[in-house]
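# Summary of structural features
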Amino acid sequence: MNVARFNILSENAEAITIRDIGPWDQFATVTNNPESVIACLLHMGRLPAGKRVFYYDSENQLDELLVLDGKFVGFAPGPR
């Protein structure tokens, strides 16, 4: 399976919000391959230190990818 595909929905100095777009029979979900998403955002220059990453997953649930020193370290529930 390939890396996750996503669109950037919004971005400001504090956070970036993305949406998992699939198709999931061809690409990993953001949830299943968060490391590739973080690596991609870093490569694009969109993830400076301290910026939060929120994402709408394949079930349209808003959650957060936790990042420390440019690496994915876990998940957290997004704002409800």
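The structure presented is a predicted model; accordingly, all values stated were derived computationally and were not measured. (Residues numbered from 1 in each chain as written. Predicted model: local features only at pLDDT ≥ 70, side-chain atom pairs only at ≥ 80, totals over all residues. Heavy atoms only, no water.)

## Quick look at the overall build of the chain
Applicable threshold: Numbering of helices and strands starts at the N terminus; helices are DSSP runs of H or I of at least 4 residues and strands are runs of E of at least 2. For this measure, only C-alpha atoms enter the radius of gyration; the expected value for a globule follows 2.2 Å times N^0.38, where N is the number of residues. Three labels apply to residues, based on accessible area from a 1.4 Å probe with only protein chains included: buried if under 20% of the type maximum, exposed if over 50%, partly exposed otherwise in between.
Broken down by element type, the chain carries one helix and five strands. Compactness check: the chain gives a C-alpha radius of gyration of 11 Å against a globular reference of 12 Å for 80 residues, within 12% of the reference. Overall size of the chain, expressed as C-alpha extent along the three principal axes, is 35 × 30 × 20 Å. Per-residue burial for the chain yields a buried fraction of 40% across its 80 residues.

## So, the side chain of Asp20
Quick reminder of the rule: Residues scored as positive are Lys and Arg, those scored as negative are Asp and Glu, and His as well as the terminal groups of each chain are ignored. By convention in these notes, a salt bridge is any Lys or Arg side-chain nitrogen within 4 Å of a carboxyl oxygen on Asp or Glu. Polar contacts here mean pairs of N or O atoms no more than 3.5 Å apart (in protein, one a potential hydrogen donor and the other a potential acceptor; neighbouring residues in sequence count only if both atoms are side-chain atoms). Between two residues, a contact is recorded if the distance between any of their heavy atoms is within 4.5 Å.
For Asp20, the position within the fold is in strand β2 (residues 15–20). Of the side chains with opposite charge, Arg5 lies nearest to the buried Asp20, which makes no salt bridge, at 8.3 Å. Polar side-chain contacts of Asp20 include one of 2.8 Å to the side chain of Trp24. Ignoring anything within four residues of it in the chain, the contact list for Asp20 reads Arg5, Phe6, Ala28, Thr29, Val30, Thr31, Tyr56, Asp57 and Ser58.

## Looking at the environment of Pro79
Inspection of the secondary structure assignment puts Pro79 in the segment after β5 (71–77). Note: C-alpha distance between Pro79 and Glu64 (15 residues apart in sequence) is 8.8 Å. If near-sequence neighbours (up to four positions away) are discounted, Pro79 is found in contact with Phe54 and Leu62.

## So, the sheet that holds β2
Spelled out, the test is: At least two DSSP bridges between two strands are required for those strands to pair. To obtain each axis, a line is fitted to C-alpha atoms, and for helices this fit is confined to the stretch in contact; angles are then taken between N-to-C directions over 0 to 180 degrees.
Sheet architecture is open: five strands sit in the order β1-β2-β3-β4-β5, paired in mixed fashion. Here the strands that pair on one side only, and so sit at the sheet edges, are β1 (6–11) and β5. Across the sheet, the mean angle from the axis of one strand to that of its neighbour is 30°, orientation sign disregarded. Pairing of strand β3 (residues 52–56) with strand β4 (residues 62–68) involves four bridges; the strand directions are antiparallel.

## Here we look at the environment of Phe6
Following the sequence through the fold, Phe6 ends up in strand β1. Under the relative-accessibility criterion, Phe6 is labelled buried at 15%. A C-alpha to C-alpha distance of 11 Å links Phe6 and Thr31, two positions 25 residues apart in sequence. Phe6 has contacts with Ile18, Arg19, Asp20, Ile21, Val30, Val37, Cys40 and Leu41, leaving out every residue within four places of it along the chain.

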